[in-house]
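Structural features, examined
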Amino acid sequence: MTFLVGWTSKSADLPTFLNPKRLEDQPIGKTSQPEMTKDREGQPTWKVSCSDGLISSSNGLVSCSDPTPTQMFGAKFSLHVDVVAPTNCFRNEHSSHKNAPFSMEQLGRKASTLCLSSVDPKPPNDAVFFVTPPNKCGVDYLGESTKGDLNVKLDHLHAFGIDGHAILEGPVEEVARTKAREAEDLLKDLNIPSPSSTRNSPRGIFCTRTLNLRSISAIGYDMDYTLMHYNVMAWEGRAYDYCMENLKNMGFPVDGLAFDPDLVIRGLVIDKEKGNLVKADRFGYVKRAMHGTKMLSTRAVSEMYGRELVDLRQESRWEFLNTLFSLSEAVAYMQMVDRLDDGAIPSDLGSFDYKGLYKAVGKALFRAHVEGRLKSEIMSNPEQFVEPDPELPLALLDQKEAGKKLLLITNSDYHYTDKMMQHSFNRFLPNDMGWRDLFDIVIVSAQKPEFFQMSHPMYEVVTGEGLMRPCFKAQTGGLYSGGSAQMVEDSLNIHGDEILYIGDHIYTDVSQSKVHLRWRTALICRELEEEYSALIHSQSHRQSLVEHINQKEVVGDLFNQLRLALQRRSKGHPAQTLAATNMDEENLTESMQKLLIVMQRLDEKIAPMLEADGELFNKRWGFLSRAGLWDKSHLMRQIEKYADIYTSRVSNFLYYTPFMYFRSQEQNLAHDS
């Protein structure tokens, strides 16, 4: 029998699995000390002799010759091959060699990876496992589809020397713990990070609605701020510059103004009637507000918004900052509100109110995008604007090789998409793969959100110059412009919750694909990484704040009981108890005075602490996902309502695998853990 082990590390150090101590635990007979020699090409060769055969490692491969079934690393195998002149091939995506194990280096991965395989005419996985097909799937106890689940063929296990029932003897809880520990040890030996190490981290994927990735047949992606992340200061700063240049040409006073990315954050709402920028909680109550570039006091906020709610359905008044693309517009508008209040806007431009001013700023920014100068500048120098993520293409490659159909659906035009995707993807893909090889269907100029809402004509892009011809159905490998989500579903024969769509825009990408098509959804929010870290570093501050609030609550409850006793006595009624009724009024009043002073002192300490909560993320607005100490922000409510999962970047999927079962947590925010 022969084991082939792919070992991508080229170090001459002794492989972990050949350690003498580790070999003692394997029933392969008496072993000698490992010896390292070099072959004619200078490659390290490890040899360990054993009573039943020989274990050796040469040129990154390890083999174990054994005429009898051998249990190694917790699994029995009984496969026999011709070691001298094998004729079988072990294939991977990019090569076919005799006795060649799957090399992760061929995929451009640098982590040391161990792969056990055997040379056999029929891949052994087909004999042991089978995948639940769509026509035979059901639902599990959480109501998720079982399509794509991997199942074991118990009646075939004996061919591999594995007794499935014997392995599972004993209480299932203990068996689960034992097997989990064995798997963790194996992952450690393979230098693969533990799945739990990523979940509770800034790079985690957080779940609001249970999602079984195995049941997903197709994954669609937005491009801007999703598959590629822009340097916000560079991209939005240049958008701001072009906007201000257009405003200046229109006659607006813009001298002395500069882009300030800390002035606003995603998830705020522009009040176009009052010239304010507000942060609302999940119910729509305004918690913080800024007029122009000046923050309003808590009292002013209460007086202005105490009896009204933010209602995003009133589009004529409220504008929600859905994405990082909104930052440049919001900064420009709030700065121009200051100019309007100062009377600096020339009268010959007309009479402007705050709503009219918002239209003027929006028009200037829109012109900057339509003219194309901004995108031309980015295309000519992408290194300045795009932050590369080498792990991202590998995450998509895993998904594709797991059988997922990958879709790119972007509002950007063909030339911009091709240029930016080449820059962001091609250098990180293996062999001669290009970014187009990852995607089954690419759709540019998609016109989202209408792409999800209605049907538009579809055109096939047929030349590198972008020439197009009409078409009615998308084909695998095709590049298209326009069309609709319904056309995509019909072309792939995949519908509804079989499709996961991932984007950064809570409305255009996430909300509309779920509302109109019932697609599963994921939101990309890069700021989560900074917020998560800020929450960790704010733990002591928040704990102290909560302790002070709890102290005031205890004192307040005691004070209220004494106050009620005093009230009842003053009205001639008996107090809560006979002792309270007979208590000397001077003593009662003195106790209340002391408690009142204590509460006032606590308030003096709590107020600034509460104001400072979240300033590690943003000094003006606090945390992205929170409004106040305990409540969720309006943005967080939108995420919970429309996004099944959310995370900071697409490459985080690399650590979760394409087979992940995301289970939502109970009540609390997903990243509170």
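One structure accompanies this document, and this report is about it. Model, not experiment: these values are computed from the prediction.

**Points about helix α13 (residues 414-425)**
- Its 12 residues give α13 an end-to-end C-alpha distance of 16 Å, which sits within 8% of 16 Å, the value for a rise of 1.5 Å per residue.
- Most of α13 sits inside the fold, with 9 of its 12 residues counted as buried.
- When we look at burial in α13, the residues that qualify are Tyr-414, Tyr-416, Thr-417, Asp-418, Met-420, Met-421, His-423, Ser-424 and Phe-425.
- In this structure Asp-413 caps α13, since a side-chain oxygen of it lies 3.1 Å from the backbone nitrogen of His-415.

**So, the nonpolar core**
- Counting residues in each nonpolar core, the largest one holds 111 residues, and the members touching the most others are Leu-227, Leu-396 and Phe-439.
- Element by element, the count of residues in this core is highest for helix α8 (residues 327-341), at 9 residues.
- The contacts of Leu-227, once residues within four sequence positions are left out, are Tyr-221, Asp-222, Leu-392, Leu-396, Leu-408, Met-421, Phe-425, Phe-439 and Val-650.
- In terms of nonpolar packing, the next biggest core, distinct from the first, is built from 21 residues, Ala-446, Phe-451, Cys-471 and Tyr-480 among them.

**Some points on helix α6 (residues 232-250)**
- If you check α6, its first and last C-alpha atoms are 26 Å apart, about what 19 residues at 1.5 Å a residue would give, namely 27 Å.
- All of the buried residues in α6 are Ala-234, Trp-235, Glu-236, Gly-237, Ala-239, Tyr-240, Tyr-242, Cys-243, Met-244, Asn-246 and Leu-247.
- Backbone nitrogen of Met-233 and a side-chain oxygen of the N-cap are separated by 3.1 Å at the start of α6; the cap is Asn-231.
- Positive phi appears at Gly-251, one or two residues downstream of α6, with a value of about 105°.

**Quick word on unusual backbone geometry**
- Following Lys-448, the chain continues into Pro-449 via a peptide bond in cis, with omega recorded as 10°.
- Residue placement: Pro-449 occurs in the loop between β24 (441-444) and α14 (450-453).
- Backbone geometry at Asn-493 places phi at a positive 55°, although glycine is not the residue there.
- For Asn-493, a relative accessible area of 60% translates into the label exposed.
- Of note, Thr-657 is a non-glycine position whose phi angle comes to about 70°, a positive value.
- Mapped onto the secondary structure, Thr-657 falls in the loop between β30 (645-647) and β31 (661-662).

**What to know about the packing of aromatic side chains**
- What the rule picks out here adds up to 17 aromatic pairs.
- Ring geometry for Tyr-225 and Phe-325: centres 4.7 Å apart, planes at 65°, overall edge-to-face. Note that Tyr-225 is positioned in the loop between β15 (218-221) and β16 (229-230) and Phe-325 in the loop between β21 (318-320) and α8, a separation of 100 residues in sequence.
- Taken together, Tyr-225, Tyr-230, Trp-235 and Phe-325 form an aromatic cluster joined through their ring pairs.

**Digging into the packing of helix α10 (residues 373-380) against α13**
- Viewed as axis vectors pointing N to C, α10 and α13 meet at an angle of 25°, and their least axial separation amounts to 10 Å. Compared by their axis directions, α10 and α13 come out roughly parallel. Taken as a pair, α10 and α13 cross one another with a handedness that is left-handed. In contact with Lys-375, Ile-378 and Met-379 of α10, α13 contributes His-415, Tyr-416, Lys-419 and Met-420.
- Here the contact of α10 with α13 is composed, by residue class, of 4 nonpolar, 1 polar and 2 charged.

**Remarks on the sheet that holds strand β20 (residues 294-295)**
- Pairing is antiparallel across the open sheet formed by 5 strands, whose spatial order is β20-β19-β18-β17-β21. The sheet terminates laterally at β20 and β21, the two strands that pair on one side only.
- Bridging between strand β18 (residues 276-280) and strand β19 (residues 286-291) involves 5 bridges; their strand directions are antiparallel. Its bridge partner lying in β19, Asn-276 is registered against His-291.
- Running at roughly 100° to β19, helix α7 (residues 298-305) makes contact with β17 (269-271), β18, β19 and β21 of the sheet.
- Of the strands in this sheet, β17, β18, β19 and β20 touch α8, which is tilted by about 60° from β19.

**A short note on the sheet that holds strand β13 (residues 205-207)**
- One open sheet accounts for 10 strands, arranged β13-β30-β29-β28-β15-β23-β24-β27-β25-β26; its pairing is mixed. Single-partner strands in this sheet number two, and they are β13 and β26 (468-471). Strand-to-strand twist of the sheet, defined as the mean angle between neighbouring strand axes without regard to direction, takes the value 25°.
- Where strand β25 (residues 458-461) lies against strand β27 (residues 478-482), 3 bridges are found, and the strand directions are antiparallel. The residue of β27 that forms the bridge with Met-458 is Gly-482.

**A word on the environment of Arg-520**
- Turning to its location among the elements, Arg-520 is positioned in strand β29 (residues 520-524).
- Accessibility expressed as a relative area gives 4% for Arg-520, which makes it buried.
- Taking the C-alpha atoms as reference, Arg-520 lies 9.3 Å from Ile-219; in sequence the two are 301 residues apart.
- In this view, Arg-520 contacts Glu-144, Arg-209, Thr-210, Leu-211, Ile-216, Gly-496, Asp-497, Ile-499, Leu-500, Tyr-501, Lys-514 and Asp-644; residues no more than four positions away in its chain are not counted.
- Within polar-contact distance, the side chain of Arg-520 engages the backbone oxygen of Thr-210 at 2.7 Å.

**Quick look at the pattern of salt bridges**
- Applying the stated criterion across every chain, the model contains 35 salt bridges.
- In this structure, the salt-bridge partner of Asp-241 is Arg-238, at a minimum N-O distance of 3.1 Å. Within this pair, Asp-241 and its partner Arg-238 are both found in helix α6, separated by 3 residues, close to a single helical turn.
- In this structure, the salt-bridge partner of Asp-644 is Arg-520, at a minimum N-O distance of 2.9 Å. With a gap of 124 residues between them, Asp-644 in the loop between α21 (634-642) and β30 and Arg-520 in strand β29 connect regions that are remote in the sequence. Considered together, Asp-644 and Arg-520 belong to a single accessibility category, that of buried residues.

Thresholds, definitions, all that
Think of each chain on its own: its residues are numbered from 1, step by step along the sequence as written. Local features in this predicted model are restricted to residues whose pLDDT is 70 or higher, and side-chain atom pairs enter the listing and the counts only when it is 80 or higher, whereas totals over whole chains, interfaces and linings include all residues. In computing side-chain properties, one takes all heavy atoms of the structure into account and sets aside hydrogens as well as water. Secondary structure elements are taken from DSSP: a helix is a run of H or I of four residues or more, a strand is a run of E of two residues or more, and numbering for both begins at the N terminus. Multiplying one less than the number of residues by 1.5 Å gives the expected span of a helix. Only protein chains enter the accessibility calculation, which uses a 1.4 Å probe; a residue is then buried when its area is under 20% of its type maximum, exposed when over 50%, and partly exposed in between. Under this definition, polar contacts are N or O atom pairs within 3.5 Å; protein pairs additionally need one hydrogen-donor-capable and one acceptor-capable atom, and for neighbouring residues in sequence, both atoms have to be side-chain atoms. By convention a nonpolar core is built from buried Ala, Val, Leu, Ile, Met, Phe, Trp, Tyr and Cys residues, the set being connected through side-chain atoms within 4.5 Å. In what follows, a contact means two residues having at least one pair of non-hydrogen atoms within 4.5 Å. Centre distance within 6.5 Å is the pairing criterion for rings of Phe, Tyr and Trp, where only the six-membered ring of Trp is used; planes under 30 degrees apart are then read as stacked, over 60 as edge-to-face, and the remainder as tilted. As a rule, the C-alpha atoms of each element are fitted with a line to give its axis, helices using only the stretch in contact, and angles between N-to-C directions run from 0 to 180 degrees. With respect to orientation, any angle under 35 degrees is reported as roughly parallel, any angle over 145 as roughly antiparallel, any angle of 65 to 115 as roughly perpendicular, and every other angle as oblique. What makes a crossing left-handed is the near helix being turned counterclockwise from the far one by less than a right angle; a clockwise turn instead makes it right-handed. Side-chain classes follow a simple rule in which Ala, Val, Leu, Ile, Met, Phe, Trp, Tyr, Cys and Pro form the nonpolar group, Asp, Glu, Lys and Arg form the charged group, and the remainder, Gly included, forms the polar group. Being paired, for any two strands, means DSSP has found at least two bridges between them. Whenever a carboxyl oxygen of Asp or Glu lies within 4 Å of a side-chain nitrogen of Lys or Arg, that contact is scored as a salt bridge.

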